[in-house]
Amino acid sequence: MPSDEKAVILHTYYTMRKIIFFTALGTFLLVGAISVKAQKNADNKTKKILYFNPEVEPDIEEIKEPTNLAFFSAVSDNFSGRKNKVLRAEVQIPFDSVEKQTITDYCVNNDADFAIVPKVRYFKVGIGKYVFSNQVVVSMKLFDAGGNLVTETDYDTYRKNMRLLGSTENSIKIGTDGAIKGILKKLRKLKSGAGAEL
């Protein structure tokens, strides 16, 4: 075999090795980058949480709108520094009789991962007609997108903070913040077993 033919064969052989090596290396790097990106997206996925208007007790129309404003102000303040997105449904769901299908439908229609059904209960002081104190109990139930109850909590502004003075709006904000923290605390306990996180 002449030396020119050997040189051509060796050159072809080394060129093919380089092409195969760089193709394999490129494929490996591409697969690695895609899997890291997919894992990062799964871990850092922004959770969408759907909040309903709180059920207000006692059921007096004049206090519903100020209660909703104070409640959602506290919710938006609480979630402003988090990676979760807050969605609001302009509807009130009865706190004590939540239907699984209703929650599922709202979560599907709003592309939400979780739903929170809240309740704000005012304290009555005095005899006869309602005279409200500035103390409230804020209760929340957390449901997954399938309508299953994940956890629930409540926050009593008088028992927790011994708040005697201050505005009712402030009490609602403190109660809402305390209830959200209570939900998050319970979720951390459940996280190891169920895998749900907010």
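Our structure's up above, just so we're on the same page.
Residues numbered from 1 in each chain as written. Predicted model: local features only at pLDDT ≥ 70, side-chain atom pairs only at ≥ 80, totals over all residues. Heavy atoms only, no water.

Peer 1: Even after reading the chapter, I still don't get the overall build of the chain, so can you show me in this structure?
Peer 2: A count of helical and extended segments in the chain gives five helices and six strands. Listed by position from the N terminus, the elements making up the chain come as α-β-β-α-β-α-β-β-β-α-α. Considering the chain as a whole, with its 198 residues, one finds that 34% of them fall into the buried category. For the chain, long-range pairs separated by at least 24 residues make up 65% of all intrachain contacts whose partners lie at least 6 apart in sequence. (Helix = DSSP H or I, 4+ residues; strand = E, 2+ residues; numbered from the N terminus. Buried < 20%, exposed > 50% of the residue type's maximum accessible area, 1.4 Å probe, protein only. Contact = heavy atoms within 4.5 Å.)

Peer 1: What's the story with a nonpolar patch on the surface in this structure? I'm lost.
Peer 2: A grouping of Phe21, Phe22, Leu25, Phe28 and Leu29 is seen on the molecular surface, where their side chains present a nonpolar patch of about 570 Å² in accessible area. Looking at the secondary structure, you find Leu29 in helix H1 (residues 3–43). (Patch = residues over 30% accessible without salt bridge, like charges linked within 9 Å, V, L, I, M, F, W, Y side chains within 5 Å. Areas by Shrake-Rupley, 256 points an atom, 1.4 Å probe, with all protein chains shown as cover. Salt bridge = Lys/Arg side-chain N within 4 Å of Asp/Glu carboxyl O.)

Peer 1: Any chance you could explain unusual backbone geometry here in plain terms?
Peer 2: Across the chain, the bulk of peptide bonds are trans and the bulk of non-glycine residues have phi less than zero. Of note, Asp111 is a non-glycine position whose phi angle comes to about 55 degrees, a positive value. Relative to the assigned elements, Asp111 resides in the loop between helix H3 (100–110) and strand S4 (114–125).

Peer 1: Even after reading the chapter, I still don't get the pairing of strand S1 (residues 48–53), so can you show me in this structure?
Peer 2: In the case of a regular strand, side chains alternate between the two sheet surfaces. Among the six residues in S1, five count as buried, and that is most of the element. Relative to strand S3 (residues 85–92), S1 runs parallel, the two sharing six bridges. Counted as the bridge partner of Asn53 is Gln92 from S3. (Pairing = 2+ DSSP bridges.)

Peer 1: Please clarify how the packing of aromatic side chains should be interpreted in this entry.
Peer 2: Aromatic rings in a pair are described by how distant their centres are and how their planes are angled relative to each other. Applying the stated criterion across every chain, the model contains four aromatic pairs. Measuring from ring centre to ring centre gives 5.2 Å for Phe52 and Tyr106, while their planes differ by 85 degrees; the resulting arrangement is edge-to-face. With Phe52 in strand S1 and Tyr106 in helix H3, this pair connects stretches of sequence that are 54 residues apart. Its relative accessible area of 0% is what places Phe52 among the buried residues. Classification of Tyr106 as partly exposed rests on a relative accessible area of 27%. Summarising the aromatic geometry, the rings of Phe71 and Phe72 are spaced 5.1 Å apart at their centres and angled 90 degrees between planes, so their arrangement reads as edge-to-face. Accessibility assignment for this pair places Phe71 and Phe72 in one class, buried. Of the aromatic side chains, those joined through ring pairs into one cluster are Tyr51, Phe71 and Phe72. The ring of Phe95 carries Lys141 above its face, with NZ or CZ at 4.7 Å from the centroid. (Phe/Tyr/Trp six-rings, centres within 6.5 Å; stacked < 30°, edge-to-face > 60°. Lys NZ or Arg CZ within 6 Å of the ring centre and 35° of its normal.)

Peer 1: Can you help me understand the environment of Leu50 in this one?
Peer 2: Along the chain, Leu50 turns up in strand S1. Sequence separation between Leu50 and Ile103 is 53 residues, and the spatial gap between their C-alpha atoms is 9.5 Å. Those residues in contact with Leu50 that lie beyond four places of it in its chain are Leu87, Arg88, Ala89, Tyr106, Cys107, Asn110, Ala112, Phe114, Ala115 and Ile116.

Peer 1: What's the story with the nonpolar core in this structure? I'm lost.
Peer 2: One broad rule of soluble globular proteins: the nonpolar side chains tend to lie buried together. Residues Tyr51, Phe71 and Met140 are the most contacted members of the largest nonpolar core, which totals 24 residues. Secondary structure elements with two or more residues in this core: S1, helix H2 (61–79), S4, strand S5 (131–144) and helix H5 (168–194). In contact with Phe71, other than residues within four places in its own chain, are Tyr51, Phe52, Pro54, Pro118, Val120, Val138, Met140, Ile172 and Thr176. Formed by twelve residues, the second largest nonpolar core is a distinct cluster that contains Leu50, Ile93, Ala115 and Phe143. (Core = buried A, V, L, I, M, F, W, Y, C linked by side-chain atoms within 4.5 Å.)

Peer 1: Is there a simple way to explain the side chain of Lys119 in this structure?
Peer 2: Position of Lys119 among the secondary structure elements: in strand S4. On the basis of relative accessible area, Lys119 is assigned to the buried category, the value being 11%. A polar atom in the side chain of Lys119 sits 2.9 Å from the side chain of Glu57. Residues within four places of Lys119 in sequence aside, it is in contact with Pro54, Glu55, Glu57, Phe95, Asp96, Val137, Val138 and Ser139. (Polar contact = N/O pair within 3.5 Å; in protein donor to acceptor, adjacent residues only side chain to side chain.)

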